Amino acid sequence: MTKHSHTPSQSHEHDDAEHAAPGTAARMWDEKYSSRPKMWSGDPNPQLVAEVADLSPGEALDLGCGEGADAIWLAARGWAVTGLDVSAVALERAAAHARERGQDATIEWVQQDLATWVPDRLFDLVTAQFLHSTQMPWQQALQLAAAAVRTGGTLLIVGHHPDGLPPWGAHHTPEKFFTAEDLARELRIEEPLWRVEVLDSRQRGAIGPDGEAVSLTDAVLRATRLAAQ
Ligand SMILES: C[S@@+](CC[C@H](N)C(=O)[O-])C[C@H]1O[C@@H](n2cnc3c(N)ncnc32)[C@H](O)[C@@H]1O
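Residues numbered from 1 in each chain as written. Predicted model: local features only at pLDDT ≥ 70, side-chain atom pairs only at ≥ 80, totals over all residues. Heavy atoms only, no water.

1. Focus: the overall build of the chain
Then, number 1: Looking only at helices and strands, one finds six helices and seven strands in the chain.
Then, number 2: Counting the 229 residues in the chain, one finds 55% classified as buried.
Then, number 3: Across the chain, the fraction of contacts at a sequence separation of at least 24, relative to all contacts at a separation of at least 6, is 74%.
Then, number 4: Carbon and sulfur atoms make up 49% of the accessible area of the chain, which amounts to about 9700 Å² in all. (Helix = DSSP H or I, 4+ residues; strand = E, 2+ residues; numbered from the N terminus. Buried < 20%, exposed > 50% of the residue type's maximum accessible area, 1.4 Å probe, protein only. Contact = heavy atoms within 4.5 Å. Areas by Shrake-Rupley, 256 points an atom, 1.4 Å probe, with all protein chains shown as cover.)

Next up, the structure:
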């Protein structure tokens, strides 16, 4: 049984609505994080560990980094990391965790809303793990992830597969989620610009908010950028 950083440590996940008004995502996510001392398990996401362990370290961007477990794991493996999230509360926790683990020297925490953020540089690795922001369509949010990968770099997107959603989120309607095939099609992750390395649905065990064992399915896309856009 794997418990990972997308498993809520208490209570319910994403159980309130987001709205598209400016600043709403920051307010909503700050409130959500403030409602409990710890939202996620603190462990790196399993698909990140599986897909990145063999890559040579470089510059990484973690979009929607939350409390920072993935960014800290990457930094410990030699990556220079930018952790971006809309929630200042999450980022304060992430920075504190990084300091506690002695991994703060190579991580920059950036508070930005993807609704207005434009990547101003490129990265060797862009990872987006469960960046399910209902404030903007997933296609729009994750297009930014793809745009920030430099030639030769890696894009890794992991999300809840619509057929294996966590049972604890009332808002978890399948149309808000994607398969790896949906991702590749909508983001045009295809030759000649990309080589798809992994296109997968992976079932895994996790621990739910009340300590119950649940089975989830992750959609996993990993691709290498072959040429600039
Ligand atoms: C479900 S959590 C996942 C956190 C982390 N990647 C993990 O796997 O533990 C989604 C994260 O995306 C962030 N987020 C949601 N909408 C965002 C937006 N519009 N801009 C930037 N970050 C956003 C949230 O603050 C939250 O930390």
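2. Looking at the side chain of Asp 113
Then, number 1: On the secondary structure map, Asp 113 appears in the loop between strand 3 (107-111) and strand 4 (123-129).
Then, number 2: No salt bridge is formed by the buried Asp 113. Its closest oppositely charged neighbour is Arg 27, at 9.3 Å.
Then, number 3: With residues near it in sequence (within four places) discarded, Asp 113 still touches Ala 25, Val 86 and Gln 135. (Lys, Arg positive; Asp, Glu negative; His and termini not counted. Salt bridge = Lys/Arg side-chain N within 4 Å of Asp/Glu carboxyl O.)

3. Brief notes about the packing of aromatic side chains
Then, number 1: Under the criterion given, the structure shown has two aromatic pairs.
Then, number 2: Ring geometry for Trp 29 against Tyr 33: centres 6.0 Å apart, planes inclined by 40°, an arrangement best described as tilted. Residue Trp 29 and its partner Tyr 33 are located together in helix 1 (residues 24-34), separated by four residues, close to a single helical turn. Both residues of the pair, Trp 29 and Tyr 33, count as buried.
Then, number 3: Judged by centre distance (4.9 Å) and plane angle (50°), the rings of Trp 138 and Phe 178 are tilted. One end of the pair, Trp 138, is in helix 5 (residues 138-147); the other, Phe 178, is in the loop between strand 5 (149-160) and helix 6 (180-187), with 40 residues separating them in the sequence.
Then, number 4: With a relative accessible area of 10%, Trp 138 lands in the buried category. (Phe/Tyr/Trp six-rings, centres within 6.5 Å; stacked < 30°, edge-to-face > 60°.)

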